[in-house]
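Residue strings, one per chain:
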Amino acid sequence: MIRFRISLINLVRFYLIFSEDYSGCCVDTVWPPSPSIIYLQAISDEQSLVVSWLVNHSRGDIYEVQVSRTENYNVIYNRNLSLISVDSDEYTWTWTSDLPLECVDHSVRIRHFYNQSVPSPWSNWITNHGAQMKVETKIFPCERIMREHTSAMFCCVYPRGVDITSMILNSKKYPLISIGAGVKAIAVDNLTIPTGLIKRLSLSCNNATGGIGYAWNYISFPPQKPRNLSCATSDMTTVICTWESGRKRDPYDRNKQTHTIHLENSDQAPINCEQSSCTFPAVPQLEEYNISLVVKDQLGEETESYSFNISDRVFPVVEVNRVNPGSTHTTVSWIVPGNLTQLNLLCQVTTDSDSTTELSCNNASGLCQVKLEHLLPNTCYSTRVRCCANGRLWGDWTQPISFITYPLVTLDVWRRIKQLSDTMTRQVTLFWTPHVPGSAVTVNIQGYIVQWLQEGQNWTEWKDSGQTQAEVSIDPGQYDFSVQAVVHTGSTIPAHITIPQGDDGEILPVKKRLSSSTATGFNLSWVEQDSATCGYTVEWCIMGNTVPCTLQWLKVPEGNNTLFLPARNFKAGCRYTFKIYGCTENGHRLLEVQTGYSQELKSVQSPSLVEPFQITSSSVTLEWSYDEDDPAHSAFITGYLVTAQAVGSDLFNVSVADPRRKSVTIEGLQQNQEYAFSVSALTKEGPGQPTNITIRTRTNYSAHLAKILTPILLLLGCIILLWPQRKILMSVLRDIFTYPAGMNINTPEFDSFLQETSEQLQSQKVEECRCCNIEILNTRPLLDETTALRDAEPMNTLPSPGSQPSPSALSLSCVPLQTEYCPQSVTVSCDRTTLQQTCISNKTYMHTIEEDLSEAQQVMLRESSSVIYGYIFSETL
């Protein structure tokens, strides 16, 4: 395109030269003047050329600018400039090169277009020469500040005859670009700040002969626009401006910045500032300020403007003058310098407890003071102060100033009153506990002063520091006691307590039993008394009701009638008695006594049984002794549990709900039976340890006596009834119980028979017989058989064991119907050989036989029969 335009311009020139008018005369040629470059400057750090030339102020002038490189004038840049309105006769134009100007020659020329169409001749080339190396090799740029995140070209200028083989940037080799004779270059994109201590780029240039050239450049970033610019004054004489610089700059960054404030509405010179603040004197009589802050470095500059009224930008500076502490307060004083008397100063003072005190400070001398209350004694604090003017800007807090409040020793005093045998004397025991709040310093208590007053009389007693109680004997009157600690440093407050008059008509206190439903502790509550104008005091022993008592007390403020005592301060299974006193102007009066456990246990002691016991054949009455109100119990006694159990029978219980009832009767027992009894005390948690005893019930002799007397009485009745018939009865009995005539029993032979029979029976395995009644029945013959019986062998002669009975004897001595009979209760079977010798009869069987006989035969049978009780003889037995 450029070549086309040049050819077109040449054609126009030739046309004007050789053209003639129609008359044959020659026409004079009119050429636009050639512009002239009057100034060319190279700015190496910015890699820019500044070109200036003269202009003719024609409307709509157009200039064409060309930039070339090397001695061959290779055009690398071409541009048309339209100058619409130029105020001066000189126009300046700046061109920035991507290649350092030192690398190669750069030339500039211009031309002007007449009437925006007819070009003028080109001006001469104006050249800025690059570096010419004859001996050594040089690298450009060198020691330059370069912008971060930009692209750059680096060149190596070497003497003639030297061949550059490589260029290395930060250990990385880049491809070479040939710029001209003796010049090689590389292109690097996106420059970044190195992470090393020195923020620089290392560049080396290597030639074929082994020579190496080095250069260093630094990477940085341009200035950023200041943010949050604000100005204020502390004394109306000096103005302080602050701002945020933005991105933090590395301390080794070579791109140093300058900060300058310009007062736009004042003739003051620019003010050099620090990186983020600036201080300058206020301009007299100037209220409104218009300032501009300029931040500049080698990569650029930024500007920020700000306007303010100095009266609205006052923040007072405070200087703490003195801190004077006490036990519960401190006094702080400070000074506000500067000419601020015409302003309304408001100041704030704070401590570590986050409590802030605010006050107005308009003292003409500038000295202000405040007293800080409600501080803890013997505690380390720090205080700070700040102020503001007209309620606008608060000044900075002063540096914290530490101080320690003085120690303050207070005493918690209580008493116990004991009436002695002498009704006119009481013994008062004073107890006190020192309280030293805070721990900043150690407080050394030297001792205590105990004083008591009555009707103008005063007594004093000294107690050493290790003592915390005192005993004083007083009369029944009212006394005022006070106890005060004595310390080396700090102060103490005496504690007062009033001992009321001795009054026999004092109302008895209410007694309550506390419930221990939970193991969290004691929830005490009592009826609020209007007479308790100074609160209440709850008293108890630390170890419960055990002796000796270590007294503990706690005071409850007025208007509160509840108190919770956590269980961690009490022992489970230990009974505690709490006495609640109401505080009046005449002393403390006992209102209630409450007893309870933090946690009840069931392992209480076993009762002691009281003998003798009341025992019958069907009941047992147990009695025991037990102190249900013993404070050593691990729980309240709610009753007793009595158990009874016989061997092999069920257990049954009897509960006694009244703990004061200590006897119980257990009925429904069996006679002459052993029972195991246990008695244990009951608590809410269950039965405690039992007391065990075994008792046998008595025998019921009246029942046995009735069994014995009944048959005796029946017998007597029968005797009385049968007495008139005694002769007949005696005759019958004589017949029954006398031996038959002719019967003789040989005793030795009978004993031998018994021994043999016993040995044979022992060798037999027989079952146990419940009852076996054996009767030997000798049956007399019937009336028609009397003769035969008399002729037979005598019955009183027993056959020998080895002899056989005669047939006549067998037939006469045994009734045939008895042959197969055997007693039902005998388990041993009857042997026939035995039956052949002796017949066994059963009364019931005989009775059955009698029923089968006729009445005449039955009478004859009874008269002719006799029963002989004895033993069985048998050879085979």
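Quick notes on the rules
- Residues numbered from 1 in each chain as written.
- Predicted model: local features only at pLDDT ≥ 70, side-chain atom pairs only at ≥ 80, totals over all residues.
- Heavy atoms only, no water.
- Pairing = 2+ DSSP bridges.
- Helix = DSSP H or I, 4+ residues; strand = E, 2+ residues; numbered from the N terminus.
- Axes fitted to C-alpha atoms, helices over the stretch in contact; angles between N-to-C directions.
- Patch = residues over 30% accessible without salt bridge, like charges linked within 9 Å, V, L, I, M, F, W, Y side chains within 5 Å.
- Areas by Shrake-Rupley, 256 points an atom, 1.4 Å probe, with all protein chains shown as cover.
- Salt bridge = Lys/Arg side-chain N within 4 Å of Asp/Glu carboxyl O.
- 1 Å grid on protein atoms, 1.4 Å probe; cavity = no way out; pocket = protein on both sides within 12 Å on 5 of 7 lines; lining within 4 Å.
- Points joined across faces, edges and corners; volume = space filled by probe spheres on them.
- Nonpolar A, V, L, I, M, F, W, Y, C, P; charged D, E, K, R; others polar.
- Buried < 20%, exposed > 50% of the residue type's maximum accessible area, 1.4 Å probe, protein only.
- Polar contact = N/O pair within 3.5 Å; in protein donor to acceptor, adjacent residues only side chain to side chain.
- Contact = heavy atoms within 4.5 Å.
- Disulfide = S-S within 2.5 Å.
- Phe/Tyr/Trp six-rings, centres within 6.5 Å; stacked < 30°, edge-to-face > 60°.
- Lys NZ or Arg CZ within 6 Å of the ring centre and 35° of its normal.

Undergrad: Looking at this model, I keep getting lost on the sheet that holds strand β20 (residues 258-263). Mind explaining?
TA: What holds strands together in a sheet is hydrogen bonding between their backbones, with the strands either parallel or antiparallel. With antiparallel pairing, the 4 strands of this open sheet are ordered in space as β21-β20-β23-β24. At either end of the open sheet lies a strand with only one pairing partner, and these are β21 (271-273) and β24 (300-309). Across the sheet, the axes of successive neighbouring strands diverge by a mean angle of 25 degrees, strand direction being ignored.

Undergrad: Just to check I follow, could you spell out a nonpolar patch on the surface for this structure?
TA: Residues L705, I708, L709, I712, L713, L715, L716, I719, I720 and W723 make up a contiguous nonpolar surface patch of about 1000 Å² in total accessible area. Tracing the backbone through its elements, the reader meets L713 in helix α2 (residues 701-722).

Undergrad: Explanation requested: the sheet that holds strand β16 (residues 200-207) in the structure shown.
TA: Strand order in the open sheet formed by 5 strands is β10-β17-β16-β12-β13, with mixed pairing between adjacent strands. Taken across any chain shown, the strands that pair with only one partner, and hence form the sheet edges, are β10 (145-147) and β13 (172-174). This sheet shows a mean twist of 35 degrees between the axes of neighbouring strands, independent of strand direction. Across 3 bridges, the pairing between β10 and strand β17 (residues 212-220) is parallel. Residue pairing in the sheet places I145 in a bridge with Y218 of β17.

Undergrad: What is the right way to read empty space enclosed by the protein from this model?
TA: Taken as a whole and assessed by the stated rule, the structure comprises 3 cavities of 30 Å³ or more. As for the largest cavity, its lining consists of F221, P223, Q224, P226, S245, R247, R249, Q257, H259, Q275 and V295. Grouping the amino acids of the lining of the largest cavity by side-chain chemistry returns 4 nonpolar, 5 polar and 2 charged.

Undergrad: Teacher, can you tell me more about the side chain of T683 here?
TA: Structurally, T683 can be placed in strand β54 (residues 674-683). Look at T683 and you get buried, because its relative accessible area is 6%. At a separation of 3.0 Å, a polar atom in the side chain of T683 contacts the main-chain carbonyl oxygen of G686. Not counting the four nearest positions on each side in its chain, T683 is found in contact with L601, K602, V604, A635, F636, I637 and T638.

Undergrad: Where do I start with the state of the cysteines in this structure?
TA: Covalently bonding the sulfur atom of one cysteine to the sulfur atom of another cysteine gives a disulfide. Scanning the entire structure with this criterion turns up 8 disulfides. A sulfur-sulfur distance of 1.1 Å marks the disulfide that ties C361 to C368. Each of the two residues, C361 as well as C368, counts as buried. For C534, the disulfide goes to C583, at an S-S distance of 1.8 Å. Across the S-S bond of C534 and C583 the torsion is about -90 degrees, and the bridge reads as left-handed. With C534 in the loop between β42 (521-525) and β43 (536-541) and C583 in strand β46 (residues 575-584), this residue pair connects regions lying 49 residues apart in the sequence. A relative accessible area of 40% places C534 in the partly exposed class. Here C388 is not disulfide-linked; the sulfur of C387 is the nearest cysteine sulfur, at 7.6 Å.

Undergrad: What's the story with the pattern of salt bridges in this structure? I'm lost.
TA: Between side chains of opposite charge, a pair can form as their charged atoms come close. Evaluated as defined, the whole model comprises 19 salt bridges. The salt bridge involving R247 is made with E148; its shortest N-O contact spans 2.9 Å. With R247 in the loop between β19 (238-244) and β20 and E148 in the loop between β10 and β11 (152-157), this pair connects stretches of sequence that are 99 residues apart. A salt bridge links D250 to K199; the shortest N-O distance between them is 3.8 Å. Linking D250 in the loop between β19 and β20 with K199 in the loop between β15 (183-188) and β16, this pair joins segments that are 51 residues apart in sequence. Using a relative accessible area of 13% as the deciding quantity, one classes K199 as buried. Here the residues in one salt-bridge network are E628, D629, R660 and K662, joined through shared partners.

Undergrad: Is there a simple way to think about the pairing of strand β23 (residues 288-297) in this case?
TA: The side chains of a regular strand alternate, first on one face of the sheet and then on the other. Burial analysis of β23 places 7 of its 10 residues in the buried class, which makes it a mostly covered element. In the sheet, β20 pairs with β23 via 6 bridges, with the strands oriented antiparallel. From the neighbouring strand, T258 faces β23, where its bridge partner is K296. Note: β23 against β24, 10 bridges, orientation antiparallel. If you follow E288 over to β24, its bridge partner there is N309. Where β23 folds back on β24, the antiparallel hairpin that results is connected by 2 residues.

Undergrad: Quick question: what am I supposed to make of unusual backbone geometry here?
TA: Excluding glycine, residues mostly carry a negative phi; peptide bonds, for their part, are mostly trans. A cis geometry characterises the amide bond from F140 onward to P141, with omega recorded as -5 degrees. Among the structural elements, P141 can be located in the loop between β9 (138-140) and β10. In the segment running from E611 into P612, the intervening peptide bond is cis, with an omega of 0 degrees. Its place among the elements puts P612 in the loop between β48 (608-609) and β49 (614-615). We note that Q285 has phi near 65 degrees; this positive angle belongs to a residue other than glycine. Mapping Q285 onto the fold places it in the loop between β22 (277-281) and β23.

Undergrad: Sorry, what's going on with the pairing of strand β14 (residues 177-180) here?
TA: For β14 and β15, the ladder comprises 3 bridges, and the chain directions are antiparallel. Bridge pairing links S178 to K184 in β15. In textbook terms, the turn of a hairpin is the stretch between consecutive antiparallel strands, and for β14 and β15 this stretch comprises 2 residues, one of which, G182, has a positive phi near 80 degrees.

Undergrad: Can you walk me through the packing of aromatic side chains in this structure?
TA: The geometry of an aromatic ring pair is captured by the separation of the ring centres together with the interplanar angle, meaning the angle of the planes. Going through the model one piece at a time under the given rule, you end up with 29 aromatic pairs. Judged by centre distance (4.9 Å) and plane angle (65 degrees), the ring pair of F522 and F578 falls under edge-to-face. Taken as a pair, F522 in strand β42 and F578 in strand β46 lie far apart in primary sequence, 56 residues in all. Accessibility assignment for this pair places F522 and F578 in one class, buried. Among the aromatic residues, those joined into a cluster by ring pairs are F522, W540, F570, Y576 and F578. Lying across the ring of F221, R247 places its NZ or CZ 4.1 Å from the centre. The aromatic ring of W394 is capped on one face by R386, whose charged end is 4.8 Å from the ring centroid.

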